[in-house]
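Read off the chains here:
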Amino acid sequence: MSNNTDTEKLQKVLARMGLGSRREIEQWILAGRLSINDTRATLGDRIKLSDTVSLDGRHITLRSSEDVGQRVLMYHKPAGELSARSDPEGRPTVFDNLPKLRGRRWISVGRLDFNTSGLLLFMTDGELANRLMHPSFEVEREYAVRTLGTLTEEQARRLKKGVRLDDGMASFNEIIDAGGEGANHWYHVVLKEGRNREVRRMFETENLTVSRLIRVRFGPIKLPRFLRPGHWKDLEKSEIAELARYAVPIKR
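Here we summarise the structure given alongside this text.

Cut-off values and rules
Residues numbered from 1 in each chain as written. Predicted model: local features only at pLDDT ≥ 70, side-chain atom pairs only at ≥ 80, totals over all residues. Heavy atoms only, no water. Helix = DSSP H or I, 4+ residues; strand = E, 2+ residues; numbered from the N terminus. Buried < 20%, exposed > 50% of the residue type's maximum accessible area, 1.4 Å probe, protein only. Contact = heavy atoms within 4.5 Å. Areas by Shrake-Rupley, 256 points an atom, 1.4 Å probe, with all protein chains shown as cover. Core = buried A, V, L, I, M, F, W, Y, C linked by side-chain atoms within 4.5 Å. Polar contact = N/O pair within 3.5 Å; in protein donor to acceptor, adjacent residues only side chain to side chain. Pairing = 2+ DSSP bridges. Axes fitted to C-alpha atoms, helices over the stretch in contact; angles between N-to-C directions.

## With respect to the overall build of the chain
Helix and strand counts for the chain come out as six helices and 17 strands. Taking the principal axes of its C-alpha atoms as reference, the chain extends roughly 65 × 40 × 40 Å. Expressed as a percentage of its 252 residues, the buried residues of the chain come to 46%. Counting only contacts in the chain whose residues sit at least 6 apart along the sequence, the fraction spanning at least 24 positions is 64%. Of the roughly 13700 Å² of accessible surface on the chain, 47% is carried by carbon and sulfur atoms.

Shown next, in the form of structure tokens:
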């Protein structure tokens, strides 16, 4: 395909248009579902807006970045919802309460497990979503954590230095003591990745059980107190721009 400077990678263009995440679209390419000018697409193909692109034989109208209006939602996920589009068992999912889109899909930035509540971001720009989720960008996540019992100074030191989980080492960038009463104690912790049940598993290495977990911040976006569980809010243009500026690679 064309290698002109006016071209972009196929999966990047389609992700920005909100058809899916970049990873999903790469799978479509590998499965032979996408074609460019009647030729089966391959990974690495670049396209111009004048090219003819089809998915499963159906024509896709290509749009430039200027013509694609980005939309980003913050959603307050309650405990007891799945971070999935559907569930065979009929349990509620985070997509059930979102506004409907025409011709595009909501793309979730990361996930929260079934029993975790708090901030989730949804957007129509799959390219931005990909950057925000990629480990190389090291986007901060902040959680409010309620534990049964308290951390000792030595335990907190170990959690910041790094503990071994079954899928590798993990560490908190910050641990802030937020107080508590009785057996319950609150902490705010910050980390730069989003592995499955990572916060809970880290506390378990110190024999502490997490009884409540709430994500209160993702990158520069904080969960506002007024946003009730199960409700969403559109980000302002300035907030979307700030989120995009945040999603830049970390230089070593």
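The discussion continues.
## A few points about unusual backbone geometry
Look at Asn 37: it is not a glycine, yet its phi comes out positive at around 50°. Take Asn 37: it is sitting in the loop between strand 2 (34-36) and strand 3 (39-40). Phi at Arg 197 takes a positive value of approximately 55°, unusual for a residue other than glycine. Position of Arg 197 among the secondary structure elements: in the loop between strand 14 (184-191) and helix 5 (198-204).

## Looking at the nonpolar core
Within the largest apolar cluster, 28 residues are counted, with the highest numbers of intra-cluster contacts made by Phe 122, Phe 172, Val 189, Val 199 and Phe 203. For this core, the secondary structure elements donating two or more residues are strand 7 (72-77), strand 9 (117-123), strand 10 (141-148), helix 4 (153-161), strand 11 (163-165), strand 14, helix 5 and strand 15 (209-218). Residue contacts for Phe 203: discarding those within four places in its chain leaves Val 145, Thr 147, Leu 151, Leu 159, Phe 172, Tyr 187, Val 189, Leu 208 and Val 210. Formed by 19 residues, the second largest nonpolar core is a distinct cluster that contains Val 72, Leu 121, Leu 128 and Ala 129.

## Overview of the environment of Ser 50
For Ser 50, the location among the structural elements is in the loop between strand 4 (46-47) and strand 5 (53-55). The exposed category is assigned to Ser 50, whose relative accessible area is 60%. In this structure the C-alpha to C-alpha distance between Ser 50 and Leu 62, which are 12 residues apart in sequence, comes to 8.0 Å.

## Remarks on the environment of Arg 164
Among the structural elements, Arg 164 can be located in strand 11. For Arg 164, a relative accessible area of 64% translates into the label exposed. On a C-alpha basis, the gap between Arg 164 and His 134 in space is 21 Å, while along the polypeptide they are 30 residues apart. With residues near it in sequence (within four places) discarded, Arg 164 still touches Met 169 and Thr 205.

## Quick word on helix 3 (residues 126-133)
The buried fraction of helix 3 amounts to six of the eight residues, a majority that puts the element mostly inside the structure. Every buried residue of helix 3 is listed here: Gly 126, Glu 127, Leu 128, Ala 129, Asn 130 and Leu 132. The residue sitting at the N-terminus of helix 3 and contributing the capping side-chain oxygen is Asp 125; that oxygen lies 3.0 Å from the backbone nitrogen of Glu 127.

## Remarks on the sheet that holds strand 5
Pairing within the open sheet is antiparallel, and its four strands lie in the order 3-2-5-6. In this open sheet, the two strands that pair with only one neighbour each are strand 3 and strand 6 (58-60). Where strand 5 and strand 6 come together, three bridges link them in antiparallel fashion. Along strand 6, the bridge assignment pairs Leu 55 with Arg 58. Set on the sheet, helix 2 (residues 22-30) makes contact with strand 2, strand 3 and strand 5; between it and strand 2 the angle comes to about 80°.

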